[in-house]
Amino acid sequence: MSTENLPQSPGQKPRKPRVAVVFGGRSSEHGISIVTAGAVLRAIDRTKYDVLPIGITQDGRWALTADEPERMAIVDRRQPSVEQLAESDEGGVILPVDPSNREVVYSEPGSVPKALGEVDVVFPVLHGPYGEDGTLQGLLELSGVPYVGSGVLASAVGQDKEYMKRVFTSFGLPVGPYTVIRPSEWERDEAAARRKIVDFAGEHGWPLFVKPARAGSSIGITKVDDLGGLDEAIAAAQQHDPKIVVEALLRGREIECGVLEFEDGPRASVPAEIPPVQSHEFYDFEAKYIDSAPGIVPAPLTDEQTAEVQRLAVEAFEAASCEGLVRADFFLTEDGDFVINEINTMPGFTPISMYPRMWQESGVSYPELVDRLVQAALRRSTGLR
């Protein structure tokens, strides 16, 4: 699709591409998604694009929201919600299900549905399940609407830490020791599932990290120092996902690297380092978003180490069939080896988030980053590719 002004219908003037910024959602990362959306709405070039903000409430309703990014911020350590931003408590936005029709409709009980115009591309800044995991991407594929970021498969792989690690291993990427407890194992025999974790600790040592398998932003993660804290950690993870991943501690430095799709293929940013946070045991949700723990950009690495982590980041992007953008997270072990921890197909995207900061240091400003992602989506078609 051309990214120039688009014809509306015969006899009418060309119009700008319309970008629907979709945010919020049903996951535990609802509030952070809104903060990300506020940053995107502030940065997107209004002379180049028309913008339609659409928020998804925590119960799944698609709501029309005001274009007021200043209200989409963390205030006094409280996260925003779509319910606070929605123009109506009952109205809903309806995407087309006919690929030949991209007109979005707004409907309220007792009122005539209102056409909001055609949408040319969706910028889904949702984090976690029901948004970043391939579910929304599948809906957009059915609707025939192009969108920013990875497709159904890559989004699903990027969300599920178990299958992400399986894919990386199959492509020869270095992955740390882990084990998985599926819901069926827990329901069938809790004692056996718990023994599986204890046996894993016996092989790899304490501490361990217990994580929800399909959550992000470090939500629900617990560092477990001994057997006494295990049950509480399992319960904390299962609040967010019935499937949990248990990982061995890898001693070393935390290194991140951004990947961005350019016209000639994916490229890696300068890497960043996440230094230990004195007030937090690890780089958890509070450290990332509330206390704004600073990362070091660029990371103090040798030229050889920088080249290696950039190579691995692009390999991870391609191994999972990603598109658009990815943040790849690594450990640089005490032995000097890089081990990939995970990828995020829609990473934190506020101006202070690591992904935009790495690209800023690489010469791509935040507004240009937003524009490049929209342009890449407009170049792609939906369907098999």
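- Going by an unreviewed UniProt entry, the protein carries the name D-alanine--D-alanine ligase and comes from Streptomyces xiangluensis.
- A UniProt comment under Function (unreviewed entry) is attached to the protein, and it reads "Cell wall formation."
- As its UniProt record puts it under Pathway (unreviewed entry), the protein is described as follows: "Cell wall biogenesis; peptidoglycan biosynthesis."

**A few points about unusual backbone geometry**
Part 1 of the reasoning: Note the cis peptide between Trp206 and Pro207, where omega equals 0 degrees.
Part 2 of the reasoning: In the segment running from Val297 into Pro298, the intervening peptide bond is cis, with an omega of -5 degrees.
Part 3 of the reasoning: Assignment of secondary structure puts Pro298 in the loop between helix 9 (285-290) and helix 10 (303-319).
Part 4 of the reasoning: Even without a glycine there, the phi angle at Asp76 is positive, about 50 degrees.

**Points about the packing of aromatic side chains**
Part 1 of the reasoning: Tallied over the full model, the rule gives five aromatic pairs.
Part 2 of the reasoning: Consider the rings of Phe330 and Phe338, whose centres lie 6.2 Å apart with planes at 80 degrees: the pair is edge-to-face. Pair check on accessibility: Phe330 and Phe338 agree, each one buried.
Part 3 of the reasoning: Within the aromatic cluster, the residues linked to one another by ring pairs are Phe123, Phe349, Tyr355 and Tyr366.
Part 4 of the reasoning: Between Lys165 and the ring centre of Tyr178, over which it is positioned, the NZ or CZ distance is 5.5 Å.

**Notes on the sheet that holds strand 8 (residues 178-181)**
Part 1 of the reasoning: Taken in spatial order, the four strands line up as 8-11-9-10 in an open sheet, and their pairing is antiparallel. Sheet topology places strand 8 and strand 10 (222-224) at the edges, where each strand pairs with a single neighbour. Direction aside, the axes of adjacent strands within the sheet are offset by 25 degrees on average.
Part 2 of the reasoning: Pairing between strand 9 (residues 208-212) and strand 10: three bridges, direction antiparallel. What sits directly across from Val210, in strand 10, is Thr222.

**Focus on the environment of Ile221**
Part 1 of the reasoning: Summarising the element assignment, Ile221 is placed in the loop between strand 9 and strand 10.
Part 2 of the reasoning: The spatial distance from the C-alpha of Ile221 to the C-alpha of Ser111 is 45 Å, given a sequence separation of 110 residues.

Basis of the calculations
Residues numbered from 1 in each chain as written. Predicted model: local features only at pLDDT ≥ 70, side-chain atom pairs only at ≥ 80, totals over all residues. Heavy atoms only, no water. UniProt positions renumbered as here; feature names shortened; annotations may be inferred. Helix = DSSP H or I, 4+ residues; strand = E, 2+ residues; numbered from the N terminus. Phe/Tyr/Trp six-rings, centres within 6.5 Å; stacked < 30°, edge-to-face > 60°. Buried < 20%, exposed > 50% of the residue type's maximum accessible area, 1.4 Å probe, protein only. Lys NZ or Arg CZ within 6 Å of the ring centre and 35° of its normal. Pairing = 2+ DSSP bridges. Axes fitted to C-alpha atoms, helices over the stretch in contact; angles between N-to-C directions.

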